[in-house]
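# Coordinate analysis (summary)
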Amino acid sequence: MRDDKENIFKKLKRSVGDFFYDMSVEFHSLKKEMFGKKEEAVNLKRIKRKADIRKYLFIWLGLALPIANFLIFFVYVNISSIDMAFRHSTRDGYVYDFANFISIFEEFRNPYSLISESLLNTIKYWAFGFFIVMPLCYLISYFFYKKIWGYNFFRYVFFMPSIISAVIMSSFFKFMVEPDGPLTLLIKSITGKQILLLSNSDTAFTTLLLYGLWGGFGINLIYFTANLQRIPIDIIEYSRLDGVNTWQEIRYLLFPLTWPFYSTFMFLNLCGIFGSGGAALLLTQGAYGTYDFPYWQYVKVTDGESGSTYICAALGWLITLIAMPISLLFKHLADKVEAVEF
């Protein structure tokens, strides 16, 4: 009897021990599973954080140069130009007044000054680009968009001035129009007169305009062609089924669809109205009535006279004050034209 009680007690003790042992194993397994998942989550978060740091570091390193360029050559330069515009050099040092602005107005009043000629020529350059070159770019880009025969060849021809150095282009052009140049000889054979295009006040400025015509296409054709290629081909096919001809397609279909881009392009062109110029530096050095605003400022800054840089800084702010309302007015009027969505 006593042995039976001892066996029952041992079995009970063993059962209780096994129960607590199993509970302990389950508890340790559960603890390991819970903390293991937590540790795995922490590791994954740490790996993700490192990947994000590498990603953002790569992005900011890529943006470092353009940001530095913007801060130095736009922000710093424009802030410095405010200081320079009102700074006036005297024997006693620098003073801040409106002397630079007064000097500019006196330049305009001087009949022998080149600033009036430069302003007029700059407006002519801008008008030529705005009313002639830009519409021609749009028209030529339309034919590229329609993939006319030989469009790949002509695309490279028009883009060539953007690839070749301006110095090389101007040197080649000078060779063409020099007294024994091919173009001069051709004109002489047709008219019977030797006309020196860059050495004649009647032809020098017009020659520079035409010289800039080819160079005015370049990258603009790529912009316009890319904008036209965004238009779904289904729209063009439907219009053809409705009997739309080429002019109607341009006037009533393509132009309204591309108006937002074209108006933005015209707005940017208006912003730089007083920065328009030709190749006076490379071809004529301003002789024979070919001065323009950019070249006039270049000569003013490099002539070595004291205060010339400050006068140009003041002129820059005057130009900004004049061009800004003109550009904003055009933007306001352009926004009134309802954009066509597709």
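Residues numbered from 1 in each chain as written. Predicted model: local features only at pLDDT ≥ 70, side-chain atom pairs only at ≥ 80, totals over all residues. Heavy atoms only, no water.

## Looking at the overall build of the chain
Keep this limit in mind: Helix and strand labels come from DSSP, where a helix needs a run of H or I of at least four residues and a strand needs a run of E of at least two; each type is numbered from the N terminus. Working definition: with a 1.4 Å probe on protein chains only, accessible area under 20% of the residue-type maximum means buried, over 50% means exposed, and in between means partly exposed.
Counting secondary structure elements, the chain contains 13 helices and two strands. Looking at the chain as a whole, 30% of its 342 residues are labelled buried.

## Some details on the side chain of Ser 239
As a reminder of what qualifies: By the convention used here, residues are in contact when the closest approach between their heavy atoms is within 4.5 Å.
Relative to the helices and strands, Ser 239 resides in helix α9 (residues 233-241). Contact partners of Ser 239, with chain neighbours within four places excluded, come to Val 244, Glu 249 and Leu 253.

## Here we look at the confidence of the model for the chain
To keep things clear, this is the line we draw: For every residue, the pLDDT score states the predictor's confidence, bounded by 0 at the bottom and 100 at the top.
For the chain, per-residue confidence averages 82 on the pLDDT scale, and residues scoring 70 or more make up 86% of the total. Averaged pLDDT values for the elements of the chain fall to 71 in helix α1 (residues 2-86) and rise to 91 in helix α3 (residues 115-145).

## Some thoughts on the packing of α3 against helix α12 (residues 293-302)
Definition in use: Here the axes come from fitting lines to C-alpha atoms, over the contacting stretch only for helices, and the angles between their N-to-C directions go from 0 to 180 degrees. The residue classification treats Ala, Val, Leu, Ile, Met, Phe, Trp, Tyr, Cys and Pro as nonpolar and Asp, Glu, Lys and Arg as charged. All others, Gly included, are polar.
Axis separation between α3 and α12 bottoms out at 8 Å; the angle between their running directions is 145 degrees. For the pair α3 and α12, the contacting residues are Ile 115, Ser 118, Leu 119 and Thr 122 in the first and Phe 293, Pro 294 and Trp 296 in the second. In terms of residue class, the contact of α3 with α12 is built from five nonpolar, two polar and no charged.

## Overview of the pairing of strand β2 (residues 93-96)
Operational definition: Any two strands between which DSSP finds at least two bridges are classified as paired.
Across four bridges, the pairing between strand β1 (residues 87-90) and β2 is antiparallel. Bridge pairing links His 88 to Val 95 in β2. A loop of two residues connects β1 with β2, the two strands running antiparallel in sequence.

## Considering the packing of α3 against helix α8 (residues 218-228)
So the rule is basically this: Roughly parallel means an angle under 35 degrees; roughly antiparallel, over 145; roughly perpendicular, 65 to 115; everything else is oblique. Left-handed describes a crossing in which the near helix is turned anticlockwise from the far one by less than a right angle; the clockwise case is right-handed.
At their nearest, the axes of α3 and α8 sit 8 Å apart, and the two run at 55 degrees to each other. When the axis of α3 is compared with that of α8, the two are oblique. Our pair here, α3 against α8, has a crossing hand that is right-handed. Residue-level inspection shows Met 134, Cys 137, Tyr 138, Ile 140, Ser 141, Tyr 142, Phe 144 and Tyr 145 of α3 in contact with α8, the latter providing Asn 220, Leu 221, Phe 224, Thr 225 and Leu 228. A class-by-class count of the residues in the contact of α3 with α8 yields ten nonpolar, three polar and no charged.

## Structural notes on the packing of aromatic side chains
Test applied: Geometry of aromatic contacts follows a simple scheme: Phe, Tyr and Trp rings, the Trp one being its six-membered ring, pair when their centres are within 6.5 Å, and the pair is stacked under 30 degrees between planes, edge-to-face over 60, tilted otherwise. For a Lys NZ or an Arg CZ to count as sitting over a ring, it must be within 6 Å of the ring centre and within 35 degrees of the ring normal.
Under the defined criterion, the tally for this structure stands at 27 aromatic pairs. On the basis of an interplanar angle of 75 degrees and a centroid distance of 5.8 Å, the ring pair of Tyr 138 and Phe 255 is categorised as edge-to-face. Placement of the pair is Tyr 138 in helix α3 and Phe 255 in helix α10 (residues 246-271), with a sequence separation of 117 residues. One cation-aromatic arrangement involves Lys 55 over Tyr 56; the distance from NZ or CZ to the ring centre is 4.9 Å.

## Notes on the environment of Tyr 156
Relative to the helices and strands, Tyr 156 is located in helix α4 (residues 151-163). On a C-alpha basis, the gap between Tyr 156 and Gly 218 in space is 8.9 Å, while along the polypeptide they are 62 residues apart.

## Overview of the layout of surface pockets
What counts is decided by this rule: Any residue with an atom within 4 Å of a point lines the site, the site being either a cavity, points on a 1 Å grid over the protein atoms alone where a 1.4 Å probe fits but cannot get out, or a pocket, an open set with protein on both sides within 12 Å along at least 5 of 7 lines. Grid points are joined across faces, edges and corners, and a volume is the space filled by probe spheres set on the points.
Here the largest pocket is characterised by a volume of approximately 630 Å³. At the level of secondary structure, the elements contributing two or more residues to the lining of the largest pocket comprise α3, α5 (166-177), α7 (204-215), α8 and α10. With eight residues, α3 is the largest single contributor of residues to the lining of the largest pocket. The class makeup of the residues in the lining of the largest pocket is 19 nonpolar, ten polar and no charged. Estimates place the volume of the second largest pocket at around 340 Å³. If you trace the second largest pocket, you find 13 residues lining it, with Asn 78, Ser 81, Gly 316, Trp 317 and Thr 320 closest to the centre.

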